[in-house]
Amino acid sequence: MQQQADNPQPMNSNTSLAAELADIAAVLPDAAPEDLPARFDTLPLDAKLLRAIDYPTMTPIQAKAIPLVLAGRDVMGAAQTGTGKTAAFSIPLLQKMMKHENASMSPARHPVRAIVLAPTRELAVQVADNVKKYASKSNLRSAVVFGGMNMKEQTLELKAGVEVLIATPGRLIDHIEAKNCNLSQVEYVVLDEADRMLDIGFLPDLQRILSYLPKQRQTLLFSATFSPEIKKLAQSYLQNPILVEVARPNQTATNVEQRFYKVDDDAKRHVIRQILRDRGITQSIVFVNSKLGAARLARTFERDGLRTTALHGDKSQEERMKALAAFKAGEMDLLVATDVAARGIDIAALPAVFNFDIPFNAEDYVHRIGRTGRAGASGLAVSLVTSSDARLMADIEKLIKKKIDVEPFELEGGRGGDRGGDRGGERGAYRRERRSEDGDVRSDVAPAASSGRGEREAREYREPSRSMRPAPRRPSDPFFDKPYEPDPSADPVWEDKTAAVATPSSSGSGLSRFIKPKRKVAALLGGSGTTRR
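None of these values were measured; they are calculated from a predicted model.

Peer 1: How do you make sense of the packing of helix α8 (residues 169-177) against helix α10 (residues 203-212) when you look at a structure like this?
Peer 2: In a packed pair of helices, the relevant descriptors are the angle between the two axes and the axis-to-axis distance. The contact between α8 and α10 brings their axes to 10 Å, and the two run at 40°. The orientation of α8 with respect to α10, classified from their angle, is oblique. Read as a crossing pair, α8 and α10 show a hand that is left-handed. In this structure, α8 uses Pro-169, Gly-170, Leu-172, Ile-173, Ile-176 and Glu-177 to contact α10, whose residues at the interface are Asp-205, Leu-206, Arg-208, Ile-209 and Tyr-212. Looking at the contact of α8 with α10 residue by residue, the classes come out as seven nonpolar, one polar and three charged.

Peer 1: How should I be thinking about the pattern of salt bridges in this particular structure?
Peer 2: Two side chains bearing opposite charge may form a pair once their charged atoms approach each other closely. Taken as a whole, this structure holds 21 salt bridges when the rule is applied. Put simply, Glu-177 and Arg-208 hold a salt bridge, and the shortest N to O gap is 2.7 Å. Linking Glu-177 in helix α8 with Arg-208 in helix α10, this pair joins segments that are 31 residues apart in sequence. Glu-177 gets classed as partly exposed once you look at its relative accessible area, which sits at 48%.

Peer 1: Sorry, what's going on with the sheet that holds strand β8 (residues 256-262) here?
Peer 2: Within a sheet, adjacent strands bond to each other through the backbone by hydrogen bonds, running parallel or antiparallel. Read across the sheet, seven strands follow the order β10-β11-β9-β12-β13-β8-β14 without closing on themselves; strand pairing throughout is parallel. Of all strands in the sheet, those bounded by a partner on one side alone are β10 (308-311) and β14 (406-408). Direction aside, the axes of adjacent strands within the sheet are offset by 25° on average. Sheet topology note: the β8/strand β13 (residues 379-385) ladder contains seven bridges and is parallel. Within β13, the residue paired with Lys-262 across the bridge is Val-385. Against the sheet, helix α14 (residues 317-328) contacts β9 (284-287), β10 and β11 (334-337), and its axis sits at roughly 140° relative to β10.

Peer 1: Just to check I follow, could you spell out the environment of Lys-291 for this structure?
Peer 2: Within the element layout of this structure, Lys-291 appears in helix α13 (residues 291-303). C-alpha of Lys-291 to C-alpha of Ala-310: the two residues are 19 residues apart in sequence and 9.0 Å apart in space. Within the local environment of Lys-291, its side chain forms a polar contact with the side chain of Asp-314, the two groups lying 3.2 Å apart.

Peer 1: Sorry if this is basic, but what is going on with the environment of Ala-114 here?
Peer 2: In this structure, Ala-114 sits in strand β2 (residues 114-117). Residue classification places Ala-114 among the buried residues on the basis of a relative accessible area of 1%. When the C-alpha atoms of Ala-114 and Glu-187 are compared, they prove to be 6.0 Å apart, with 73 residues separating the residues in sequence. Those residues in contact with Ala-114, other than ones at most four positions away along the chain, are Met-97, Glu-163, Val-164, Leu-165 and Tyr-188.

Peer 1: Mind showing me how you'd approach the packing of aromatic side chains here?
Peer 2: Each aromatic ring pair is summarised here by two numbers: the centre-to-centre distance and the angle between the ring planes. Here the structure, examined in full by the defined rule, presents four aromatic pairs. Their ring planes at 70° and their centres at 5.5 Å tell us that Phe-40 and Tyr-55 sit as a pair that is edge-to-face. Of the two residues, Phe-40 is situated in the loop between α2 (14-27) and α3 (47-52) and Tyr-55 in the loop between α3 and α4 (60-70); the sequence distance between them amounts to 15 residues. It is Lys-268 that lies over the ring of Phe-356; its NZ or CZ is 5.1 Å from the centre.

Peer 1: Sorry if this is basic, but what is going on with helix α16 (residues 390-400) here?
Peer 2: Because an α-helix completes one turn every 3.6 residues, residues spaced three or four positions apart along the sequence face the same direction. For α16, the full list of buried residues reads Leu-392, Met-393, Ile-396, Leu-399 and Ile-400. Buried residues along α16 cover an arc of 120° about the axis, so they all sit on one side. Across α16 from its buried face, at more than 90 degrees, point the exposed residues Ala-390, Arg-391 and Lys-398. Tucked inside the fold, the buried residues of α16 contact β8, α15 (362-369), β13 and β14. Lys-401, located one to two residues past α16, shows a positive phi value of around 55°.

Peer 1: How do you make sense of the nonpolar core when you look at a structure like this?
Peer 2: Most often, soluble globular proteins have nonpolar side chains that are buried together. Counting 42 residues, the largest nonpolar core has Phe-40, Leu-94, Met-97, Ile-166 and Leu-220 as its most contacted members. Counting only elements with at least two residues in this core, the list comes to α4, α5 (85-97), β2, α6 (121-134), β4 (164-167), β5 (188-192), β6 (218-223) and β7 (242-245). The contacts of Phe-40, once residues within four sequence positions are left out, are Leu-45, Leu-50, Ile-53, Tyr-55, Pro-56, Thr-57, Met-58, Gln-62, Ile-66 and Ile-91.

Cut-offs used in this document
Residues numbered from 1 in each chain as written. Predicted model: local features only at pLDDT ≥ 70, side-chain atom pairs only at ≥ 80, totals over all residues. Heavy atoms only, no water. Axes fitted to C-alpha atoms, helices over the stretch in contact; angles between N-to-C directions. Helix = DSSP H or I, 4+ residues; strand = E, 2+ residues; numbered from the N terminus. Parallel < 35°, antiparallel > 145°, perpendicular 65-115°, else oblique. Left-handed = near helix turned anticlockwise from the far one by under 90°. Contact = heavy atoms within 4.5 Å. Nonpolar A, V, L, I, M, F, W, Y, C, P; charged D, E, K, R; others polar. Salt bridge = Lys/Arg side-chain N within 4 Å of Asp/Glu carboxyl O. Buried < 20%, exposed > 50% of the residue type's maximum accessible area, 1.4 Å probe, protein only. Pairing = 2+ DSSP bridges. Polar contact = N/O pair within 3.5 Å; in protein donor to acceptor, adjacent residues only side chain to side chain. Phe/Tyr/Trp six-rings, centres within 6.5 Å; stacked < 30°, edge-to-face > 60°. Lys NZ or Arg CZ within 6 Å of the ring centre and 35° of its normal. Arc of directions from axis to C-beta. Core = buried A, V, L, I, M, F, W, Y, C linked by side-chain atoms within 4.5 Å.

Here you go:
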């Protein structure tokens, strides 16, 4: 164990500290050589749990965190994405709840004892699948609740009684307000990917949920990245936590090959297609920054002949689950997704991910590339960088504490990836056409340079193309060509000789010129059709 895990923070009494260290040492796995990974069967786990675990050895984060959780300590776990953080908290919590295991059908015998909070629906579903697998040989029950689905089915499952409840914060508050679950017997709380929950504004919901829980509880916080806000949250809700790290915080996985290519926006799609073809990649995730961009890019890849589906927040939960299931089943070549899929999506042996857009949040870069190279496998992460991404790239360098080398990319056919895609290299000789005084069209041609060919001579005069030739003149009509000549004998049309306005000079009645003239009132409006004043 690292020094942080071996030396917990000092307690009020030296006696209590020694007692806690003795408890931790009692559950630590037997000493093993440094080059051999620790095994699950060396831990004091129930035989039912051991039968449900389908791999014998523990990952580093599991080997360091599980004994501490079994000892009842609050833990802050920092590990790279894809290193088994879910098992690091779910297996020891299930072990501690085995004392409450029973086969009774009464909901009262199955109260909620552990809550796992996740920021996204996809991560909640993945955690629920893992918990259900580890508890499959026992009588412990688990359920998952998240938004975007009908609450009626979730309510029936909660009313039947569950020991482990996995939820997103918003939907859990909905069930609490509806009094669908009783949290008075909760003993364990897990905040998974807590930094993401803070990023998307879940802090008020977290504070409200934690206020419903008993004060005496064990709290665990696991994440791939730790920000100052996360440490402040831990100080508020964790009691003397032990920080467990298997790598430097915010560090990217060493088994993922990271490439950064300087390209233009128009060339990004062609770069991805060429890399897929050259490396023989059969499946990959393409990350973008906007929901609209994800939908458009997915349709574009479909037109290119690639089986593509989109995953973003505007899709319903059912559509998102279907898209993810189709991608996991190998029915799709590309999954174009926003950062909704950057956390918690566990796809076995995913060979590559592409950052079509550099993420606005530097921490999202760590989680994006963490979708590949999981469980010790190798992976490829390609980021397409434009000239406007300088600030975002500087944020990533500051986060991972590593200088990033941005390489140029040459597309096939002599097209440079940083020269505008289809327009760069494919664009032929440009032509500036001007019309001379005598009506001829002159063309100044600048030929494009090409490898293996000599310099082309520019033609000073060139016969205009069909589209540039002047249109033939139509026969003119002299009647319409001559200018307008007014008729001096014609009366102006705006003068009405029949309507004479009464004036003192014309009527001779001596009325003022300010008196209104007589007007007619239509019969339909109550008049007689005769003139009245």
